Amino acid sequence: MNDIPHIEHVWSQLCQSSSVDHDTNSVSLFHLVEEVTVERAKNAPPPPAEGSVVPVVCELVTLWQKRSEGQHVIADVEVGFIDPAGLRLQSVIYKLEIVPQHNRTRFRLKMNGLKITTAGAYAFAINIRGPNETQFVEAARVPLGVRIS
């Protein structure tokens with residue numbers, strides 16, 4: 001659980017694609033992703049130490065909710081892609097806002113490529129920071145296994 005008093009991370013899931021029904025506002029997640037296999041051409045050199053971007057199409061879908069109804073809440077969310085050694089390879093920051101008439105919101109981060117350094121256990125670290133805070137705190141982690149063949 002995060003330390004932001006008015007916002008709660010409910011769930012996050014990595015999938016190949018998602019769809020939102022405009023009539024019901026329901027979300028459907030397609031082809032949940034737990035592991036990817038990266039094909040490396042024969043005689044290709046290993047990726048550089050800082051990694052190389054490989055074409056992996058996926059979405060990270062996250063649901064947030066307010067802890068108290070009727071409030072207007074705002075926070076910054078940082079999503080970082082972390083390699084097996086703990087190195088942050090990529091990151092993005094977005095503004096999370098839930099208006100008083102809604103109790104929750106979803107965010108879909110669409111990606112066409114991921115930076116890979118080696119095979120192993122990667123993770124998307126989802127961090128949150130309140131409007132008067134300087135430091136992010138971790139709200140969740142979504143694992144991703146990477147195999148290189």
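Heads up: the structure comes first, above all this text.
Note that the structure is a prediction, hence the values are computed from the model and not measured. Every chain's residues receive numbers from 1 upward, in the order its sequence appears when written. Where totals are concerned, whole chains, interfaces and linings use all residues; where local detail is concerned, this predicted model gives features only for residues with pLDDT of at least 70, and gives and counts side-chain atom pairs only at 80 or more. Here the side-chain values reflect all heavy atoms present in the structure, with hydrogen atoms and water set aside.

Draft legend 1. View of the environment of Pro 45. Here Pro 45 is to be found in the loop between strand S3 (35–38) and strand S4 (52–54). Type-normalised accessible area, obtained with a 1.4 Å probe on protein chains alone, sets the label of each residue: buried when under 20%, exposed when over 50%, and partly exposed for intermediate values. Overall, Pro 45 belongs to the exposed group, its relative accessible area being 63%. Between the C-alpha atoms of Pro 45 and Leu 109, which are 64 residues apart in sequence, the distance is 31 Å. In DSSP terms, a helix is any run of H or I states spanning at least four residues, a strand is any run of E spanning at least two, and both are numbered starting from the N terminus.

Draft legend 2. Structural detail: the side chain of Thr 62. With respect to the helices and strands, the residue Thr 62 is situated in strand S5 (residues 58–66). Polar contact is the term for a pair of N or O atoms within 3.5 Å; when the atoms are in protein, one must be able to donate a hydrogen and the other to accept it, and sequence-neighboring residues count only if both atoms are side-chain atoms. Of note is the side chain of Thr 62, whose polar atom sits 2.9 Å from the side chain of Ser 12. In what follows, a contact means two residues having at least one pair of non-hydrogen atoms within 4.5 Å. Once you skip the residues sitting within four places of it in the chain, Thr 62 turns out to touch His 9, Trp 11, Ser 12, Thr 105, Arg 106, Phe 107 and Ile 126.

Draft legend 3. Seen up close, the nonpolar core. Ranked by size, the top nonpolar core spans 32 residues in total, and within it Leu 14, Leu 60, Trp 64, Leu 114, Phe 124 and Leu 144 carry the most contacts. In contact with Leu 60, not counting residues within four places along its chain, are Ser 12, Gln 13, Leu 14, Val 79, Phe 107, Arg 108, Leu 109, Met 111, Phe 124, Ile 126 and Val 142. Put simply, a nonpolar core is a bunch of buried Ala, Val, Leu, Ile, Met, Phe, Trp, Tyr and Cys residues held in one set by side-chain atoms that sit within 4.5 Å of each other.

Draft legend 4. Quick look at the sheet that holds strand S11 (residues 137–148). Any two strands between which DSSP finds at least two bridges are classified as paired. Ordered by their spatial adjacency, 5 strands build an open sheet running S3-S11-S10-S6-S7, and the pairing between neighbours is mixed. Looking along the sheet, the strands with just one partner apiece sit at the ends: S3 and strand S7 (88–98). Put simply, the sheet's adjacent strands are angled 25° from each other on average, direction ignored. Across 9 bridges, strand S10 (residues 120–129) lies against S11 in antiparallel orientation. Bridging from a neighbouring strand, Ala 125 pairs with Arg 141 of S11. Axis lines are fitted to C-alpha atoms, over the contacting stretch for helices. Their N-to-C directions set the angle, which ranges from 0 to 180 degrees.

Draft legend 5. Up close: the side chain of Glu 59. By secondary structure assignment, the location of Glu 59 is in strand S5. When its relative accessible area of 6% is taken as the criterion, Glu 59 is described as buried. A distance of 2.4 Å separates a polar atom in the side chain of Glu 59 from a polar atom in the side chain of Ser 18. The contacts of Glu 59, once residues within four sequence positions are left out, are Gln 13, Leu 14, Cys 15, Gln 16, Ser 17, Ser 18, Arg 108, Leu 109, Lys 110 and Met 111.

Draft legend 6. Structural detail: the state of the cysteines. Any two cysteine sulfur atoms within 2.5 Å of one another count as a disulfide. The final tally for this structure, using the stated rule, is 0 disulfides. Here Cys 15 is not disulfide-linked; the sulfur of Cys 58 is the nearest cysteine sulfur, at 8.2 Å. Take Cys 58: its relative accessible area is 2%, and that puts it in the buried class.

Draft legend 7. Local environment of the pairing of S7. The pairing of strand S6 (residues 73–82) with S7 spans 10 bridges and is antiparallel. The residue bridging Ile 82 from the neighbouring strand is Arg 88, located in S7. Linking S6 to S7, which pair antiparallel, is a turn of 5 residues; within it Gly 86 sits at a positive phi near 90°.

Draft legend 8. Structural context of the sheet that holds S5. Here 4 strands make up an open sheet; going across it, the order is S2-S1-S5-S8 and the pairing antiparallel. Strand pairing shows two members of the sheet lacking a second neighbour, strand S2 (27–32) and strand S8 (104–111), which therefore form its edges. Strand after strand, the sheet turns through a mean of 35° between neighbouring axes, direction not considered. Where strand S1 (residues 7–20) lies against S2, 5 bridges are found, and the strand directions are antiparallel.

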